[in-house]
Amino acid sequence: MAGPVYTFGPFRLEARERRLLRDGAVVSIPGKAFDTLVLLVEGAGSLQRQQELIDRLWPDTFVEPNNLQYNVSLLRRVLEGADGVQLETVRGQGYRLVADVSRAGESSPVRRRDGTAQRTHVCKAEDGTRLAYARLGDGPPLVKAANWLSHLELDWRFEVWRHWLDLFSRRHTLVRYDARGNGLSEGASVAVAYAARHPERVSALILVGGCARGWRAKNKPRLTQAFEAMMVLMRQGWGGRNAAFRQIFTTRFFPDSSQALAEEFNELQRLTTTPDNAADLLSALGDIDIRDQLSSVRVPTLVLHSREDAVVPMKDGLELAGGIAGARFVPLESRNHMVLPTEPAWARFSSEVEAFLAQESLR
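Quick caveat: nothing in here was measured; it's all calculated off a predicted structure.

A. Inspection of the nonpolar core at higher detail. W148, V192, L205, L207, M234, L282 and F349 are the most contacted members of the largest nonpolar core, which has 64 residues in total. L37, L57, L74 and V101 belong to the second largest nonpolar core, which has 33 residues in total.

B. The arrangement of helix α8 (residues 244–253) in detail. Every buried residue of α8 is accounted for by F245, R246, F249, T250 and F253. Viewed along the axis of α8, the buried residues span an arc of 150°, placing them on a single side of the element. Contacts made by the buried residues of α8 are with α7 (221–237), α9 (259–272) and α10 (275–286).

C. Spatial organisation of the packing of helix α2 (residues 50–57) against helix α3 (residues 65–79). Packing of α2 against α3 brings their axes to within 10 Å, and their N-to-C directions diverge by 90°. With respect to their mutual orientation, α2 and α3 come out roughly perpendicular. The residues of α3 that touch α2, namely those facing Q50, L53, I54 and L57, are P65, L68 and Q69. In terms of residue class, the contact of α2 with α3 is built from five nonpolar, two polar and no charged.

D. Layout of the sheet that holds strand β12 (residues 173–177). Reading across the sheet, the four strands line up as β9-β10-β12-β11 and stay open at both edges, with mixed pairing between neighbours. Looking at strand neighbours, the two that pair on one side only are β9 (119–124) and β11 (141–143), the edges of this open sheet. Across the sheet, the axes of successive neighbouring strands diverge by a mean angle of 25°, strand direction being ignored. As judged from the six bridges shared by β9 and strand β10 (residues 130–136), these two strands associate in the antiparallel manner. The residue of β10 that forms the bridge with R119 is R135.

E. Fine view of unusual backbone geometry. Non-glycine residue D23 carries a positive phi angle of around 55°. Here D23 shows up in the loop between β3 (19–22) and β4 (25–27). Backbone geometry places N219, a non-glycine residue, at a positive phi of 55°.

F. Layout of the pairing of strand β7 (residues 94–98). Within β7, four of the five residues are buried, leaving the element largely enclosed by the surrounding structure. Inspection of the sheet shows strand β5 (residues 48–49) paired to β7 by two bridges, in the antiparallel sense. By the bridge assignment for β7, Q48 is matched with Y95. Examined bridge by bridge, strand β6 (residues 86–90) and β7 share five bridges and lie antiparallel to one another. The residue bridging V90 from the neighbouring strand is G94, located in β7. Count of turn residues in the β6/β7 antiparallel hairpin: three residues, of which G92 carries a positive phi of about 80°.

G. Representation of the sheet that holds β6. The antiparallel open sheet is built from three strands, whose spatial order is β5-β7-β6. Only two strands of the sheet have a single neighbouring strand rather than two, namely β5 and β6. Relative to β7, helix α1 (residues 31–42) is tilted by about 65°, and along the sheet it contacts β5, β6 and β7.

H. Region of the structure containing the pattern of salt bridges. Evaluated as defined, the whole model comprises 17 salt bridges. Where D35 meets R18, a salt bridge forms, and the shortest distance between an N and an O atom there is 2.9 Å. Note that D35 is positioned in helix α1 and R18 in the loop between β2 (11–14) and β3, a separation of 17 residues in sequence. A relative accessible area of 9% places D35 in the buried class. On the basis of relative accessible area, R18 is assigned to the partly exposed category, the value being 38%. In this structure, the salt-bridge partner of D280 is R235, at a minimum N-O distance of 2.8 Å. Taken as a pair, D280 in helix α10 and R235 in helix α7 lie far apart in primary sequence, 45 residues in all. Among the charged side chains, a network of salt bridges with common partners joins R12, E14 and R19.

How each quantity is defined
- Residues numbered from 1 in each chain as written.
- Predicted model: local features only at pLDDT ≥ 70, side-chain atom pairs only at ≥ 80, totals over all residues.
- Heavy atoms only, no water.
- Core = buried A, V, L, I, M, F, W, Y, C linked by side-chain atoms within 4.5 Å.
- Buried < 20%, exposed > 50% of the residue type's maximum accessible area, 1.4 Å probe, protein only.
- Helix = DSSP H or I, 4+ residues; strand = E, 2+ residues; numbered from the N terminus.
- Arc of directions from axis to C-beta.
- Contact = heavy atoms within 4.5 Å.
- Axes fitted to C-alpha atoms, helices over the stretch in contact; angles between N-to-C directions.
- Parallel < 35°, antiparallel > 145°, perpendicular 65-115°, else oblique.
- Nonpolar A, V, L, I, M, F, W, Y, C, P; charged D, E, K, R; others polar.
- Pairing = 2+ DSSP bridges.
- Salt bridge = Lys/Arg side-chain N within 4 Å of Asp/Glu carboxyl O.

So, in structure tokens, the structure goes:
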């Protein structure tokens, strides 16, 4: 299993060389146990479900769960006594590696270009689910709702998101969180619904590439059939090393990206969630319908949308803005769902965002 070099606690994992070092000394691990460790490290902090691990470790062979359990028991011995590293068993579900993992050569904790460190915390939802959130920067709080496959640590290591996070944390305390399943709460829709339900907690909204209705809520048979077929394929091909299937999503998100950025986004998608979670999250997006809540939003709202967005058509952004009293709609001359720093539309996007935030800070 080829891959990058990871560091966590006293360990250095060289996936390509199939070597693990602890405090500089080589640790001997059998082949499948090593592969298991690579998968757990790549998904550190997230639940790795037992059957999905088995399918990835033995893709063409039927094996009993005790084969995976044996690998995990070997890894527990290897990791024993390491500060800040814990291999958790989620009974009846799978395993979670709890560790601060970074790629070799990258700083940990995550930092902005000016050296400011991201502060990561964990809270519990009402049902006991552990959710991670992070703060970065100083100033008035600015909360970013979770989007398609977000990850507090990995987002900073890929060019796809880095320029956005730098912009929003420049003069504010940027607050982000990892949603359940690690991704897709459909950020704009969640932000609108929250503002409608808790007007006393929200002073302004910035909605980028958002919609008021998901694909299933639009009641278009051909659209529904296309997404349902996509979910079936996701469960089969999402987690593989071959990025061909994930490239379908990357091309829709970033039709004008460089090859290097496209490869980064392919890898970000794979590392951020499991095949079943990816399909479930896409299904959740289909059920979104906040049209009846738009009129309840009473805060200044800026809506930005790429004219040729292939993920969420611009007419969806216009519907979103049209339902919020006083919302300002800004079309961006771009084909990318998320504007990249290398295209002219980024200057318009960043200037509109900074002007809006500056104006709201004076209120």
